[in-house]
Amino acid sequence: MRGIIHFGMPKTGTSSIQDTFHKVQVPDFRYFDWSGANHSSLLAGIVGDKNSPFIQRITPERVRNRVADWQRRFEEGIARNPVGNLIFSAERLYRSSLEKKRTFKDFLDQYCDSYLVIGYVRAPGSFLQSGFQQNVKTGLDQFRLKGAWPRYRQHISELDAVFGVENVMVRLFDRAHLHNGDVVQDFARAIGADLDPADIVTTNESLSLESLALLFTERVHGEGVDKMDRVSLASNRRLVARLAAVKGHKFAFDAAMIEALVAENSDDIAWIEDRMGTRFPPTGTTSDNMIGSAKDIFAHARAAQPILNTQIMQAAAEFTAETPKDIVRFLDAFVAGSTHMARPRKR
């Protein structure tokens, strides 16, 4: 069987690719059946990635048992319905170490005799912006770009070394370069899958500037997210989902800040552009809404207070009390909110 390995990169339409192929049955293709469409936690279990929340939240024995149970069911499924292509998609693979990439391939070699490794590369400015948004969603409480550079050459050359450069396809994530301007259609075409465009699941995870400002302010001055606590994670998902529905201005970093990072990493950009065989599109234009510091974000959060007021009123209107305890919980939230919002007036 041919192993099709989709490595992202992060923030290049990965969720849409995963959700589509997880849902749709494509002839002669099998999408790895895991607990979700994203295989990053499965990858962590296979290679023993101790930095993964999946590994940290349960014991090593439970990790091994879950992976072993999945592997047994997977092998039974393949025996019943043989296919020519297996699809695995995990953006976590991109930043995994060279050793973990090799461990992963050793695992796949049990089933695959050839490979197509494919990923999409985003221009550094838009990648850093999208990456910052994603990190804030999951708990980032500092304004920093240090360590966020995608390090194209390091990570992709590792994939080249493990799977063979002739088997690694790197595509520019840009509508003008994608088949029909769509990353899912482009991916399907690249791997030879007969996919009906009507079956595509489009997942838009971006936040408006106003939503991001409110969320970042909560991260810095609120309770934040405890990644080891399921209740905290569930509460965070609800908060992010509500804010994601808020429309507003587009979030973008200060152009001068991005240009400085691009200049600092010019050799890396030259390498990846040569590897792709095309150049990145221009960085973009400037606007009054560009962000250069945490102070800028807090200013936009203050300006977004009317939006927050509307969201609070909408949440209250949607509340339905089915039991007396529901009423008590609502009153507790009301009292806590009133107490936090009551500020002594300056004399």
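One can find the structure itself at the top, above this paragraph.
Residues numbered from 1 in each chain as written. Predicted model: local features only at pLDDT ≥ 70, side-chain atom pairs only at ≥ 80, totals over all residues. Heavy atoms only, no water.

1. Comments concerning the overall build of the protein chain
Looking only at helices and strands, the protein chain has 16 helices and 5 strands in total. Since a compact globule built from 347 residues should have a radius of gyration of about 20 Å, the 22 Å found for the protein chain is in line with a globular shape. Reported as C-alpha extents along the three principal axes, the dimensions of the protein chain are approximately 75 × 55 × 40 Å. In the protein chain, buried positions account for 44% of the 347 residues. Partitioning the intrachain contacts of the protein chain with sequence separation of at least 6 by distance along the chain shows that 80% fall at a separation of at least 24. Surface exposure of the protein chain reaches about 19300 Å², of which carbon and sulfur atoms provide 50%. Computing the positive centroid from 45 side-chain charges and the negative centroid from 42, the protein chain places the two 6 Å apart. (Helix = DSSP H or I, 4+ residues; strand = E, 2+ residues; numbered from the N terminus. Rg over C-alpha atoms; globule rule 2.2 N^0.38 Å. Buried < 20%, exposed > 50% of the residue type's maximum accessible area, 1.4 Å probe, protein only. Contact = heavy atoms within 4.5 Å. Areas by Shrake-Rupley, 256 points an atom, 1.4 Å probe, with all protein chains shown as cover. Lys, Arg positive; Asp, Glu negative; His and termini not counted. Charge placed at Lys NZ, Arg CZ, Asp CG, Glu CD.)

2. Notes on the pattern of salt bridges
Summed over the entire model, instances satisfying the criterion amount to 10 salt bridges. With its nearest N and O atoms 3.2 Å apart, the salt bridge here joins Asp109 to Lys105. Given a relative accessible area of 18%, Lys105 falls into the buried group. Here the salt bridges do not stand alone but share partners, grouping Asp69, Arg72, Arg73 and Glu76 into one network. (Salt bridge = Lys/Arg side-chain N within 4 Å of Asp/Glu carboxyl O.)

3. Quick word on the side chain of Gln18
Within the element layout of this structure, Gln18 appears in helix 1 (residues 14-23). At 3.1 Å, the side chain of Gln18 and the side chain of Ser89 are in polar contact. With residues up to four places along the chain from it excluded, the contact list for Gln18 reads Tyr31, Ala37, Asn38, Ser89, Ala90 and Glu91. (Polar contact = N/O pair within 3.5 Å; in protein donor to acceptor, adjacent residues only side chain to side chain.)

4. So, a positive patch on the surface
A surface patch of positive charge is lined by Arg57, Arg62, Arg66, Arg230, Arg237 and Arg238. Mapped onto the positive patch, the elements with two or more residues apiece are helix 4 (60-80) and helix 11 (230-244). When residues in the positive patch are grouped by element, the largest group, 3 residues, is from helix 11. Considering the arrangement of structural elements, one finds Arg57 in helix 3 (residues 53-57). (Patch = residues over 30% accessible without salt bridge, like charges linked within 9 Å, V, L, I, M, F, W, Y side chains within 5 Å.)

5. Comments concerning unusual backbone geometry
The step from Gly8 to Met9 runs through a cis peptide bond, and the omega angle for that step is -10°. Checked against the element boundaries, Met9 lands in the loop between strand 1 (2-6) and helix 1. Although it is not a glycine, Asp28 sits at a positive phi angle of roughly 70°. By the element assignment, Asp28 lies in the loop between helix 1 and strand 2 (29-31). Judged by its relative accessible area of 46%, Asp28 is partly exposed. With a phi close to 50°, Arg151 is a non-glycine residue in the positive phi region. The residue Arg151 is located in the loop between helix 7 (124-137) and helix 8 (152-163) in this model.

6. Here's the deal with the packing of helix 8 against helix 13 (residues 266-276)
Relative to each other, helix 8 and helix 13 sit at 40°, their axes nearing to 9 Å. In terms of orientation, helix 8 and helix 13 fall into the oblique class. Across the interface between the two elements, Tyr152, Arg153, Ile156, Ser157 and Asp160 of helix 8 pack against Asp268, Trp271, Ile272 and Arg275 of helix 13. Split by residue class, the contact of helix 8 with helix 13 holds 4 nonpolar, 1 polar and 4 charged. (Axes fitted to C-alpha atoms, helices over the stretch in contact; angles between N-to-C directions. Parallel < 35°, antiparallel > 145°, perpendicular 65-115°, else oblique. Nonpolar A, V, L, I, M, F, W, Y, C, P; charged D, E, K, R; others polar.)

7. A closer look at the sheet that holds strand 3 (residues 85-89)
By way of backbone hydrogen bonds, the strands of a sheet pair with one another, either parallel or antiparallel. Ordered by their spatial adjacency, 5 strands build an open sheet running 2-3-1-4-5, and the pairing between neighbours is parallel. Among the strands making up the open sheet, the edge pair consists of strand 2 and strand 5 (168-172). This sheet shows a mean twist of 20° between the axes of neighbouring strands, independent of strand direction. Bridge count between strand 1 and strand 4 (residues 114-121): 5 bridges; the pairing is parallel. (Pairing = 2+ DSSP bridges.)

8. So, the packing of aromatic side chains
Scanning all chains against the criterion turns up 21 aromatic pairs. Aromatic side chains Phe7 and Tyr94 sit 6.1 Å apart centroid to centroid with 15° between the ring planes, which places their arrangement in the stacked category. With Phe7 in the loop between strand 1 and helix 1 and Tyr94 in helix 5 (residues 92-95), this residue pair connects regions lying 87 residues apart in the sequence. On the basis of relative accessibility, which here comes to 0%, the residue Tyr94 falls in the buried class. Both rings, one in Phe132 and one in Phe253, keep their centres 5.4 Å apart while their planes meet at 65°; by these two values the pair is edge-to-face. Within this pair, whereas Phe132 is found in helix 7, its partner Phe253 is found in the loop between helix 11 and helix 12 (255-264), the two being separated by 121 residues in sequence. (Phe/Tyr/Trp six-rings, centres within 6.5 Å; stacked < 30°, edge-to-face > 60°.)

9. Notes on the environment of Val67
Inspection of the secondary structure assignment puts Val67 in helix 4. Accessibility expressed as a relative area gives 9% for Val67, which makes it buried. For the pair Val67 and Phe298, spaced 231 residues apart in sequence, the C-alpha separation works out to 43 Å.

10. Some thoughts on helix 8
Between its first and last C-alpha, helix 8 extends 16 Å over 12 residues, near the 16 Å set by a 1.5 Å rise per residue. At the C-terminal side of helix 8, Gly164 shows a positive phi close to 95°. (Expected span 1.5 Å × (residues − 1).)

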